[in-house]
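Residue-level listing of the chains:
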Amino acid sequence: MRIANHAGRAVLVLSDGKGADIATASGGRFGPGPQSVYDHWDAFTAWAEKAAPVPDVEIDRSRLESPSPEPSQVVAIGLNYADHAAETGFEPPKDLPPVFTKFASSITGPYGEIALPDGGHTDWEVEVVAVIGRTAHRVSAGDAWDHVAGLSAGQDLSERILQFVGEAPQFGFAKSYPGFAPIGPWLVTPDEFADRDDLALGCSIDGETVQDGRTSKLIFSIPRTIAKLSEVITLRPGDVIFTGTPDGVGLGRSPQRFLRSGETLRTWVEGIGEMEHTFR
């Protein structure tokens, strides 16, 4: 099942650019916004298994927004691929990788323009994003997938000058400019993947591939990450987890390379789809 946020309304993605408005199809039981779907995830999935929705939405990519636009928490995991840790000068974590937050005001949709901060060095970081469907606190890794509504593609865009300006890294602050958390193009439920623990992900700038990885190389897999996070925090329906980026970021290159005005960043995750953003 694929769920899109189309101009603020939850839509079941069908085929050939068609979708079904969930509020209309369910007679107002779910929707109209995506958060209502996550808040009633068990009832919604039970309904969706039996529903035969009529296509009534022409999906326009310019109207797609984040599949979880207003999560109560945006959690991000750093250095969760060994090669990425190495390229940025850190030792691969032996215990839980660094945990930080991105502010929810940085969330944007899968297409459009993003403003570059004046005088900054804005970097790209492709990631698989997990969206929570059932409240998770003190869950085991073996049960963690049962608490995931689905996966989406994301970019943990990062302004590197601000990130390293002080005595300690400003992870969340430097990664929370407007538009610095694009997510999309939609949410895909875990049952849709042949292997939900081994997905290809990558991104390109003006056609040049700069990142190319697989989630099977995560130090902490998605279920292990959720289990570890839930030892401390309570993950709520609609919450977003950026699970980490593979190697290939601009900070780790020699010479270093950052996004420039006019460039287009294309982001993809196997089995989910693509995003595209131009920088100004």
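Residues numbered from 1 in each chain as written. Predicted model: local features only at pLDDT ≥ 70, side-chain atom pairs only at ≥ 80, totals over all residues. Heavy atoms only, no water.

Turning our attention to the overall build of the protein chain. Along its length, the protein chain carries eight helices and 19 strands. The principal-axis extent of the C-alpha atoms belonging to the protein chain is close to 55 × 40 × 30 Å. For the protein chain, buried positions account for 54% of its 280 residues. Considering only residue pairs separated by 6 or more positions, the protein chain has 75% of its internal contacts joining residues 24 or more positions apart. Counting every atom, the protein chain has about 11,900 Å² of accessible surface; 48% of that belongs to carbon and sulfur. (Helix = DSSP H or I, 4+ residues; strand = E, 2+ residues; numbered from the N terminus. Buried < 20%, exposed > 50% of the residue type's maximum accessible area, 1.4 Å probe, protein only. Contact = heavy atoms within 4.5 Å. Areas by Shrake-Rupley, 256 points an atom, 1.4 Å probe, with all protein chains shown as cover.)

Negative phi values dominate among residues other than glycine, just as trans dominates among peptide bonds. For the peptide bond that leads from Gly 184 to Pro 185, omega is 0°, which places it in the cis range. Note on placement: Pro 185 falls in strand β14 (residues 181–188). Backbone geometry at Arg 138 places phi at a positive 55°, although glycine is not the residue there. Mapped onto the secondary structure, Arg 138 falls in the loop between β11 (126–132) and α5 (141–144). Residue classification places Arg 138 among the exposed positions, given a relative accessible area of 67%. Within the chain, Asp 206 stands out as a residue other than glycine whose phi angle is a positive 50°. With respect to the element layout, Asp 206 can be found in the loop between β15 (200–205) and β16 (208–214).

Two descriptors summarise a pair of aromatic rings, namely the distance from one centre to the other and the angle between the planes of the rings. Tallying each qualifying case throughout the model produces seven aromatic pairs. Measuring from ring centre to ring centre gives 5.5 Å for Phe 100 and Phe 171, while their planes differ by 20°; the resulting arrangement is stacked. With Phe 100 in strand β7 (residues 99–101) and Phe 171 in helix α7 (residues 171–174), the pair connects residues that are 71 residues apart, well separated along the chain. Assessed through its relative accessible area of 10%, Phe 100 is described here as buried. One aromatic cluster is present, built from ring pairs that chain together Phe 30, Tyr 38, Trp 41, Phe 44 and Trp 47. One residue, Lys 102, lies across the ring of Phe 242, its end atom 5.7 Å from the ring centre. (Phe/Tyr/Trp six-rings, centres within 6.5 Å; stacked < 30°, edge-to-face > 60°. Lys NZ or Arg CZ within 6 Å of the ring centre and 35° of its normal.)

By the element assignment, Asp 156 lies in the loop between β12 (148–155) and β13 (158–159). Its relative accessible area of 0% is what places Asp 156 among the buried residues. Within the local environment of Asp 156, its side chain forms a polar contact with the side chain of Lys 102, the two groups lying 2.6 Å apart. Ignoring any residue separated from it by four or fewer positions in sequence, one finds Asp 156 in contact with Phe 100, Lys 102, Asp 123, Glu 125, Glu 127, Lys 175, Phe 180 and Phe 242. (Polar contact = N/O pair within 3.5 Å; in protein donor to acceptor, adjacent residues only side chain to side chain.)

Moving on: the sheet that holds strand β18 (residues 264–269). Spatially, the five strands line up as an open sheet ordered β9-β19-β18-β15-β16, and their pairing is mixed. With partners counted over all chains shown, the strands left at the sheet margins are β9 (111–114) and β16, one partner each. When the angles between neighbouring strand axes are averaged without regard to direction, this sheet yields 15°. Examined bridge by bridge, β15 and β16 share six bridges and lie antiparallel to one another. Bridging across to β16, Cys 203 finds its partner in Gln 211. (Pairing = 2+ DSSP bridges. Axes fitted to C-alpha atoms, helices over the stretch in contact; angles between N-to-C directions.)

Let us now look at the environment of Gly 17. Within the element layout of this structure, Gly 17 appears in the loop between β2 (9–13) and β3 (18–21). Residue class for Gly 17 comes out partly exposed when judged on its relative accessible area of 38%. With 41 residues separating them in the primary sequence, Gly 17 and Glu 58 have C-alpha atoms 6.1 Å apart. In this structure, Gly 17 is in contact with Val 57, Glu 58 and Ile 59, ignoring residues within four places of it in sequence.

Scanning the model with the defined rule gives 16 salt bridges in all. Residues Asp 156 and Lys 102 are paired through a salt bridge, measuring 2.6 Å at the closest nitrogen-oxygen approach. Of the two residues, Asp 156 sits in the loop between β12 and β13 while Lys 102 sits in the loop between β7 and β8 (107–108), which places them 54 residues apart along the sequence. You'll find Asp 156 and Lys 102 in the same group, each marked buried. The salt bridge involving Glu 113 is made with Arg 280; its shortest N-O contact spans 3.1 Å. (Salt bridge = Lys/Arg side-chain N within 4 Å of Asp/Glu carboxyl O.)

For an α-helix, the turn length of 3.6 residues means that residues three or four places apart are oriented alike. What helix α3 (residues 41–50) keeps buried is the set Trp 41, Phe 44, Thr 45, Trp 47 and Ala 48. All buried residues of α3 fall inside an arc of 160° around its axis, so they share one side. When the buried face of α3 is taken as reference, the exposed residues oriented beyond 90 degrees from it are Glu 49 and Lys 50. On its buried face, α3 sits against β1 (2–6), β2, α1 (22–25), α2 (34–39), β12 and β14. (Arc of directions from axis to C-beta.)

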